[in-house]
Amino acid sequence: MPTVKILVIPGSLRTGSINARLAAAVAKEFALAGVDVTRLSLADYPLPIYDGDLEAKSGVPKNALNLKRMLGAHHGVVFVTPEYNSSLPPLLKNAIDWITRVEDGNETQGQVFRERAFAMASASEGKLGGSRCLAALRLILSGCRATVIPNQLALSFADQAYDERERLKHKADSDALRGMVTQLIDVAQQMTRGA
Ligand code: FNR
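First, a word on what this report is: a plain description of the structure on this page. (Residues numbered from 1 in each chain as written. Predicted model: local features only at pLDDT ≥ 70, side-chain atom pairs only at ≥ 80, totals over all residues. Heavy atoms only, no water.)

Things to note about the nonpolar core
- Leu-22, Val-26, Phe-30, Val-78 and Met-180 are the most contacted members of the largest nonpolar core, which totals 31 residues.
- Those elements that place two or more of their residues in this core are strand E1 (5–10), helix H1 (18–32), strand E3 (76–81), strand E4 (117–123), strand E6 (153–155) and helix H7 (171–194).
- Counting 26 residues, the second-largest nonpolar core is a separate cluster that includes Ile-9, Val-112, Ala-136 and Ala-146. (Core = buried A, V, L, I, M, F, W, Y, C linked by side-chain atoms within 4.5 Å. Buried < 20%, exposed > 50% of the residue type's maximum accessible area, 1.4 Å probe, protein only. Helix = DSSP H or I, 4+ residues; strand = E, 2+ residues; numbered from the N terminus.)

Listed below in structure tokens is the structure:
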């Protein structure tokens, strides 16, 4: 069986982003688990806000195709996203929307979501850790008929969550992180075997 390949996608481009910071911790945990992990930045895949007229005129932007192919090159994908007004930020929603519009060779629209495993994490300075955003994202991914693992991480009080070595310092958080990582690897392996 090939080494499991995991893609980590932060849903924020902000300098000093607490979700980019969590994405780094997530990627590190996958590396410790011995899988091949890649972290991308959506800054490298700029996309216009989805517009049906634009799509009809110019087609799906190349960056949406490139992003879809990045997902397609991995067995599992983790979104690490801020919560904006109880939901997900437009940066991430827009990227998902465009990816669902891609047709690539023999692949149908949205096939990339149906054929791999997904996990979700969020970081917030608030008490809920972005858990409402995760509920919204789970609904969206389920609508894409993606396999979204049950384990997730909503990191509360994210500004105070790390030790001096940039590890999650509270047991509940580090357990949730490990639980998510282990489950995503298991499910991704099962889906690879079943393919
Ligand atoms: C927020 N923030 C926020 N936080 C939260 O826990 N629940 C929420 O509903 C919201 N809503 C919200 C809306 C908008 C428009 C902004 C700009 C911010 C705060 C947010 O979690 C905080 O700014 C994070 O630092 C954003 O994540 P990054 O960019 O640091 O990763």
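From this point on, the discussion continues.
Brief notes about the site of the ligand
- Around the ligand, a shell composed of Ser-12, Arg-14, Ser-17, Ile-18, Asn-19, Pro-82, Glu-83, Tyr-84, Asn-85, Ser-86, Ser-124 and Arg-132 is seen.
- Here Asn-85 contributes a backbone N or O atom positioned 2.8 Å from a nitrogen atom of the ligand.
- Taken by itself the ligand offers 620 Å² of open surface, and the protein chains cover 68% of this.
- When its residues are assigned to classes, the shell around the ligand shows 3 nonpolar, 6 polar and 3 charged. (Near = heavy atom within 4 Å. Polar contact = N/O pair within 3.5 Å; in protein donor to acceptor, adjacent residues only side chain to side chain. Areas by Shrake-Rupley, 256 points an atom, 1.4 Å probe, with all protein chains shown as cover. Nonpolar A, V, L, I, M, F, W, Y, C, P; charged D, E, K, R; others polar.)

Observations concerning the state of the cysteines
- Here the structure, examined in full by the defined rule, presents 0 disulfides.
- Here Cys-133 stays unpaired: no disulfide links it, and the sulfur of Cys-144, its closest cysteine neighbor, is 15 Å away. (Disulfide = S-S within 2.5 Å.)

What about the packing of H1 against H7?
- One way to put it is that H1 packs onto H7 with a least axis distance of 10 Å and a crossing angle of 55°. One way to sum up the angle between H1 and H7 is to call them oblique. In the packing of H1 onto H7, the handedness of the crossing is right-handed. Only Leu-177, Arg-178, Met-180, Val-181, Leu-184 and Ile-185 of H7 make contact with H1, whose side of the interface consists of Ala-25, Val-26, Glu-29 and Phe-30.
- Counted by class, the contact of H1 with H7 contains 8 nonpolar, no polar and 2 charged residues. (Axes fitted to C-alpha atoms, helices over the stretch in contact; angles between N-to-C directions. Parallel < 35°, antiparallel > 145°, perpendicular 65-115°, else oblique. Left-handed = near helix turned anticlockwise from the far one by under 90°. Contact = heavy atoms within 4.5 Å.)

Quick look at the packing of helix H4 (residues 90–99) against helix H6 (residues 131–143)
- With their axes 12 Å apart at the nearest point, H4 and H6 run at an angle of 5° to one another. By the angle between their directions, the pair H4 and H6 is classed as roughly parallel. Contact residues: H4 offers Leu-92, Lys-93 and Ile-96, while H6 offers Leu-137, Ile-140 and Leu-141.

None of this, on its own, says anything about what the molecule does.
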